[in-house]
Amino acid sequence: MSAVFFPHTKKQNSKKIIEYFALSFSFFALLATSTQLFEVFNTGKNILDSFLWANTGTQKLYFSIKVDSITAFFQFSVSLIVFAVHIYSLVYIQTKKVFYYGILGLFVFAMQSLLAQNNLILFFVFWELIGFSSFLLIDFDKTKSSARASTKAFLLNRLGDVALLIAIALLFNYSLSISELKTVFVSIPYSTKIIIAIGILIAAFVKSGQFPLSTWLFDAMEAPTSISALLHAATLVAAGIYLLIRMEFVFQEILIIKNILLVVALFSVIFSAITAYFTTNLKKELAASTVSQLGFMAIALGVGAWQAAVLHLFTHAFFKATLFLGAGFLIEKNQTKEMTEMGKKNYKKIPLFFILYGTALAALVGFPLTSGFLSKEWILKETLSNYFFIGIGLLLATFLTAFYGGRQLQAIFFNEKNNNKSKENKISKKQKWFWYMPLILLFMGSFWFAFSFNPFKPNENYWLIYLPKLSSNMPNYFQIWLPVLVICLTILGILLGFSTKINKQLNRIKILSMTKNYFLWQDKFFIYSFWKPITQTAYFAANAVSKKEISNSVTQKKYFYLGFILSLLDRKLDILIDNFSKIIVVLGYFLAWIDKYIIDFSTHFVVFLIHHLGKYLKSLQNGKVQFYLLILVFVLTLLLFWLI
Amino acid sequence: MENFILSLIFWFPLLGGILCLIPFGENKSHLYKWIGIGILSIELILVMAMFYFAKMNLDISFFDAQHLLLSEKITWWHIKLGNFGILHADYFLGVDSKNILLIMLAALVLWIGALVSVFSKKTLVRSRLYFFLYLLLSWAVMGSFLSLDFLLFFICFEFMLLPMYLLIGIWGGKKKEYAAIKFFIYTLIGSVLILVAGIIIINSGIDITKTALEIGISTEEVITQLKNATLNTSQIVHSFDMLAFKDANYFLPNSVLFASNPNNIRTIIFFLLLVGFAIKLPVAPLHTWLPIAHVEASTPISMVLAGVLLKVGGYGLLRLPFSIFTDTVIDFSFWIAAWGVFSMIYGAFLALGQTHLKRMIAYSSVSHMGFVLLGLAAMNAEGTNGAMYQMLSHGLISPLLFLLVGVLYEQTNNLTITHYSGLFHKMPYYTALVGIAFFAGLGLPTFSSFIAELTVFLGAFSSEYIPIWLSILAASTLIFTASYFLWTYKRMFLGGFSLHQTLKNAELKDISTFHKLIAFILIFFVFLLGIFPSLVFGWF
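Note that this is a predicted model, so its numbers are computed, not measured. (Residues numbered from 1 in each chain as written. Chains lettered and ligands numbered in written order. Predicted model: local features only at pLDDT ≥ 70, side-chain atom pairs only at ≥ 80, totals over all residues. Heavy atoms only, no water.)

**Remarks on the overall build of chain A**
Using the following cut-off: Under the scheme used here, helices are H or I runs from DSSP no shorter than 4 residues and strands are E runs no shorter than 2 residues, and both carry numbers assigned from the N terminus. Between buried and exposed lies partly exposed: a residue is buried under 20% and exposed over 50% of the maximum accessible area for its type, with that area taken using a 1.4 Å probe on protein chains only. By the convention used here, residues are in contact when the closest approach between their heavy atoms is within 4.5 Å. All accessible areas in this document rest on Shrake-Rupley with a 1.4 Å probe, and a residue is counted as covered only by the protein chains that are shown. For the purpose of charge, His is not counted, nor are the chain termini; Lys and Arg are scored as positive and Asp and Glu as negative. For this purpose, a charge sits on NZ of Lys, CZ of Arg, CG of Asp or CD of Glu.
What chain A contains, in helices and strands, is 26 helices and 2 strands. Its C-alpha atoms put chain A at 155 × 60 × 55 Å along the principal axes. Within the span of chain A, comprising 644 residues, buried residues form 56% of the whole. Sequence separation of at least 24 residues holds for 78% of the intrachain contacts in chain A that already meet a minimum separation of 6. By element, 70% of the accessible surface of chain A is carried by carbon and sulfur atoms, the whole surface being about 28200 Å². Across chain A, 58 positive and 29 negative side-chain charges occur, with their mean positions spaced 8 Å apart.

**Comments concerning the nonpolar core**
Across soluble globular proteins, you tend to see nonpolar side chains buried next to one another. Let me state the cut-off plainly: Remark: nonpolar core denotes a set of buried residues (Ala, Val, Leu, Ile, Met, Phe, Trp, Tyr, Cys) joined through side-chain atoms within 4.5 Å.
Membership of the largest hydrophobic core comes to 419 residues, with the highest contact counts inside it found for Ile200(A), Met50(B), Tyr134(B), Phe150(B), Ile201(B), Leu309(B) and Leu374(B). With 18 residues, helix α14 (residues 306–334) of chain A is the largest single contributor of residues to this core. Those residues in contact with Leu309(B), other than ones at most four positions away along the chain, are Leu137(B), Val141(B), Met160(B), Met164(B), Phe183(B), Lys280(B) and Val304(B). Ile206(B), Val222(B), Leu226(B) and Leu231(B) belong to the second-largest nonpolar core, a separate cluster that totals 8 residues.

**Re the environment of Pro438(A)**
Residue and element names in this part refer to chain A. Within the secondary structure, proline 438 is located in helix α19 (residues 432–443). We classify proline 438 as buried; its relative accessible area is 0%. With 123 residues separating them in the primary sequence, proline 438 and tyrosine 561 have C-alpha atoms 58 Å apart. Aside from chain neighbours lying at most four places away, what touches proline 438 is Ala84, Ile87, Tyr88, Leu325 and Trp433.

**Section: the sheet that holds strand β2 (residues 86–95) of chain B**
Residue and element names in this part refer to chain B. Definition in use: Following DSSP output, two strands are said to pair if at least two bridges run between them. Convention adopted: a line fitted to C-alpha atoms gives each axis, helices being fitted over their contacting stretch, and angles between N-to-C directions are expressed from 0 to 180 degrees.
Ordered in space as β1-β2-β3, the 3 strands form an open sheet in which the pairing is mixed. One side of each edge strand has no neighbouring strand; the edge strands of this open sheet are β1 (70–80) and β3 (237–239). The sheet shows a mean angle of 25 degrees between the axes of neighbouring strands, taken without regard to direction. Pairing of β1 with β2, which is carried by 10 bridges, proceeds in the antiparallel orientation. By the bridge assignment, threonine 75 is partnered in β2 with aspartate 90.

**Re the interface of chain B and chain A**
Put simply, the test is: Buried area: the accessible surface (1.4 Å probe) lost by two parts on joining, summed over both. The rule for a salt bridge is simple: a side-chain nitrogen of Lys or Arg has to be within 4 Å of a carboxyl oxygen of Asp or Glu. What qualifies as a polar contact is a pair of N or O atoms within 3.5 Å, subject to a donor-acceptor requirement within protein and to the restriction that residues adjacent in sequence count only when both atoms come from side chains.
Every contact between the two is made by 56 residues of chain B and, on the other side, 51 residues of chain A. Together chain B and chain A conceal approximately 4700 Å² of surface at their shared face, both sides included; 74% is due to carbon and sulfur atoms. Seen at the junction of chain B and chain A, the total is 1 salt bridge. The shortest N-O distance in the salt bridge between Asp574(A) and Lys182(B) comes to 2.7 Å. Here chain B is connected to chain A by 9 residue pairs in polar contact (both at pLDDT 80 or more). Among the elements of the structure, α7 (176–203), α14 (326–353), α16 (381–412), α17 (428–441), α18 (448–462), α19 (468–493), α20 (513–531) and α21 (534–537) of chain B are those that each provide at least two residues to the side of chain B that touches chain A.

**Thoughts on helix α5 (residues 150–159) of chain B**
All names here are of chain B. Along α5, 7 of the 10 residues are buried, which leaves the element largely enclosed by surrounding structure. Buried within α5 are the following residues: Phe150, Leu151, Leu152, Phe153, Phe154, Cys156 and Phe157. Where α5 begins, the side chain of aspartate 149 points an oxygen toward the backbone nitrogen of leucine 151, at a separation of 3.1 Å.

**Here's the deal with the packing of helix α10 (residues 265–280) of chain B against α14(B)**
Two measures define how a pair of helices packs: the angle their axes make with one another and the distance between the axes. All names here are of chain B. For clarity, the threshold we go by: Oblique is the label for any angle not covered by the other classes, which are roughly parallel (under 35 degrees), roughly antiparallel (over 145) and roughly perpendicular (65 to 115). The crossing is said to be left-handed when, going from far helix to near helix, the turn is anticlockwise and less than a right angle, and right-handed when the turn is clockwise. Note on residue classes: Ala, Val, Leu, Ile, Met, Phe, Trp, Tyr, Cys and Pro are nonpolar, Asp, Glu, Lys and Arg are charged, and everything else, Gly too, is polar.
Following both chains from N to C, one finds α10 and α14 inclined at 40 degrees, their axes separated by 11 Å at the closest point. It follows from the interaxial angle that α10 and α14 lie oblique. As for the relative orientation of α10 and α14, their crossing is right-handed in sense. For the pair α10 and α14, contact is made by Arg266, Thr267, Phe270, Phe271, Leu274, Val275 and Ala278 and by Asp327, Thr328, Val329, Phe332, Ile336 and Trp339, respectively. Tallied by class, residues from the contact of α10 with α14 come to 9 nonpolar, 2 polar and 2 charged.

**Description of the confidence of the model for chain A**
Quick reminder of the rule: Each residue gets a pLDDT score, which is the predictor's confidence in that residue and runs from 0 to 100.
Confidence along chain A averages 83 in pLDDT terms, with 94% of residues attaining 70 or more. For the stretch residues 1–13 of chain A, pLDDT sits under 50, and the model shows 40 contacts to residues farther than four places along the chain or on other chains.

**So, the side chain of Arg319(B)**
Residues and elements named next belong to chain B. You can see arginine 319 is positioned in helix α12 (residues 299–319). Overall, arginine 319 belongs to the buried group, its relative accessible area being 3%. At 3.0 Å, the side chain of arginine 319 and the side chain of aspartate 96 are in polar contact. Leave out the neighbours within four places in its chain, and arginine 319 touches Asp96, Lys98, Asn99, Leu148, Met242 and Leu243.

**Quick word on the packing of aromatic side chains**
For the record, the criterion: Only rings of Phe, Tyr and Trp enter the pairing, Trp through its six-membered ring, and a pair is recorded when the two centres are within 6.5 Å. The plane angle decides the type: under 30 degrees is stacked, over 60 is edge-to-face, the rest tilted. For a Lys NZ or an Arg CZ to count as sitting over a ring, it must be within 6 Å of the ring centre and within 35 degrees of the ring normal.
Scanning the model with the defined rule gives 93 aromatic pairs over all chains in all. Geometrically, the ring pair formed by Phe27(A) and Phe83(A) is tilted, given 5.4 Å between the ring centres and 45 degrees between the ring planes. Taken together, the positions of Phe27(A) in helix α1 (residues 15–43) and Phe83(A) in helix α2 (residues 69–92) put the pair 56 residues apart, joining distant regions of the chain. On the basis of relative accessibility, which here comes to 36%, the residue Phe27(A) falls in the partly exposed class. Since its relative accessible area comes to 13%, Phe83(A) is described here as buried. When the ring centre of Trp487(B) is taken as reference, the NZ or CZ atom of Arg491(B) above it lies at 3.7 Å. Looking at Lys516(B), its charged tip hangs above the ring of Tyr429(B), at a distance of 4.2 Å from the centre.

**Concerning the pattern of salt bridges**
All names here are of chain B. Across all of its chains, the model carries 17 salt bridges over all chains by this definition. A salt bridge links lysine 210 to aspartate 90, with the nearest nitrogen and oxygen atoms 3.6 Å apart. Of this pair, lysine 210 sits in helix α8 (residues 208–215) while aspartate 90 sits in strand β2, and the two are 120 residues apart along the sequence. For the pair lysine 210 and aspartate 90, a shared accessibility class is recorded, and that class is buried. Among the charged side chains, a network of salt bridges with common partners joins Lys73, Asp90, Asp207, Lys210 and Asp241.

Right, here's the structure in full:
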């Protein structure tokens, strides 16, 4: 068995069948991936398979599949989450089922194939396909804002895709196999290496929504929540980190790019955590927290502890999927996305849900005994021992995570006021277990035992045993003090975040509350520095707009003149050619006139002359002998004179 | 049948054209439509048969003396011109890896174009003249792809203009006369450049095999005699054979085009050919005939123009300048690539600014054809294969785009992008098909355009003549391409439904079954080439 393929769910008239068809397929996929997981972990061998796909000329491209322990566990966790999402969708999705399950199938197929692919070009194919299917899924509602969000997501992702394509095209001459690349990479010239590293960095950061390209991720919350759970927990954004994990050696070799990666990722981590605190929209808060957590992974990669990044990727996938699915439940129940309007004292009303959601939240903030603590503490340890200042920044970020986590806990479950406007409860009792089942399935992944026996030692992880061991150069006393420090910071953060007074106070500080527009700034940056100038200039270049029609603003004029210059080769050239042809036509008329009145006239004149001369001479032939004699004498005299 | 299949393919459309001349009477004008469709259907079957024979020959590696899979050759001209030598032309049809897929494409697109002309909602007026011209065009297109003799090639190449001029000028839109004359003059200038270059090439070259045959000695002896300048000039055969042009000893030592001659004539002739075919391709800034021709032409004519006629330009580049003057190409590789990249970016940029849907697609054609030039300039296997792939892929995708645009145009007579919004809510199937076409256009994987663009980039990045920054610039076009396709898609098809007030009375219906079927045929091939690239790469 090599890889798991999700067939496109076929279009059928009976909509109910589609749901169960898709559900059973996702269940089979789950079975298949778990079998694969056991096979890989029992034998300790990778599953390899390849066949010839194309021969572009000088090189042969192989469709090659390689399933190692990372891929096996990743594929398993993806299919587990997908299975949960399918159960969830039974009650969550009520319209456009054919479209929904079809595209979901395509998406999952692309993601699973991406994870198993060893050839970079085919990796790129699936990389783009997950972007494409997320474009379709984000625009599920077909409203104006969802159209905007999906278009933006695709275009920004395209930027990353092009960067990745450039990197791949440069690697083409060396090797396209991901597993072989590590040995080949050393021999590539340095200048090429830098371009490759930049390309990979941009591609990964766009997909994982790091600064300044995270704006699409925030807007992508227009998608149905079940999709958000899938896209922003385990698959789409994780693909960026997955690329970095596979390419980590690139950054270990090129230090400049590595430092850029660290700084940008830290910036993303801290700012999106602050944004998460000030965002009241539940889904958007979770999106911001995703960006923050992905930044943790990127930093782990940057400091060389890619095993820690792998672990955090797995733990994050589970607890974030739980959180998103839970958020969908809350939103559906209360018909609002605002956290503060979720109802009064929910911890009493929905205790089971409180436990499920609370556990996942605890894992997010890194509470001890959760999986999140395990991976986050590992990242902190490695960062502090290698890059001290980045590590300090991460400690701050840990505190901030707890801070917004605490606030979320308070706002959702311990709200004293009932701000909810809609009274009716959309969740019927009958369907209740359809909502809870996926959460129960996934929240198990928030505990430490899903990953390691020892809740405090991430190194003793059973899913990473086949990866090379990370040798830590950390001083011994820190091994004990760091967990204590982290726990203290977390508890402090939760307590402070829990306080509504602090929240009110902080909201009053303008500079801080302005950071909640952190994503909006990025959006504006892209729109005003790229999109607007380019489209405006193109508009002026392509269309004949008179100068009077444009407004007097300086910027528009700038675009107008630039557009004018660019239109020189097109419209203006056309006008020139048209005028040239007019000149030629006029010249033709002129020549015709000359032809008619000058050349023709001269011939006519000669004819006229001869005609009249003949008429005149005719009169000489009058038949009188005396007249002829007179002429004879006259001519002879003339001849005589001439001869003499 | 293998022996005369090429002639059959070549002459069959002309036969149909002659059939169209028979007067059947006023009330039987539908007969002409059936003649047109019937002839082109048989033509498609014939091409498939040719494809089958060629594939069989390829599998057993059976090539003839000139490395062709199938060929037919009959002497046409053999004129002794005293001291100049002997002028020789053949009726020479042949099929090799460079043209076989393009012939297949041409037959398919012409067949689809005929179907669309007949079965559209708009009734076809003057169908007799229309199909006469259409079949004449098919003949010329097939001829220019099939013929390997320069004389025959040029006759067909030139002859394409006449029916196309009339097809745009009679069945076009408001400014059809202007568009037609512009198309005609632009392309005519290109042809003149090609003719001049061709005459000089033939004048200064020698067909060694034919000379050897003429004198009755071996080819090696001819070469030695050439080097010692002992060959009698009156015995030199100047032939129109395009395959002979590539010969290493083709140019006479005392001619202006001889490789080691210290003059620039070689470069000039190369650029004459390059510009001549670049007009047809078209490459910016020689493209201005294209948008207006597309906007004014009717849907099937647009499909044929974009799908087939532009490919003749690319094929000509591949067959003549880039295979004869390889040393000149290497010298100017950077500039040719830069020209291609400029065309890509410029076309994409102007497509971004368009407010007319059909114009936008026309500019996207300009942008996509820039890839062909870039791929050819890379001068390596990947680049050339990529250029070829791009021609095939664009030959399938652009007819699809024009077909779908035509569906909307039939209903509202208005293609202004900003006048529509949220068409999804009224025409879901149409939106889905346009979505497929647009994503195919922007080069999404699993569509043929992705393989094409990827291969061109692989060629460009690994070419030793093209600097990396230029290739990076070229790759950035993909963002532009995505921008204009997706932005248009978002504005017209997504979001809430609304129409401009001038369109308030328009009744929008979803795409008809016929158009759906035609679109499916094209989409099938786009997917086929996108998922199984070896189907194409296997020929090279």
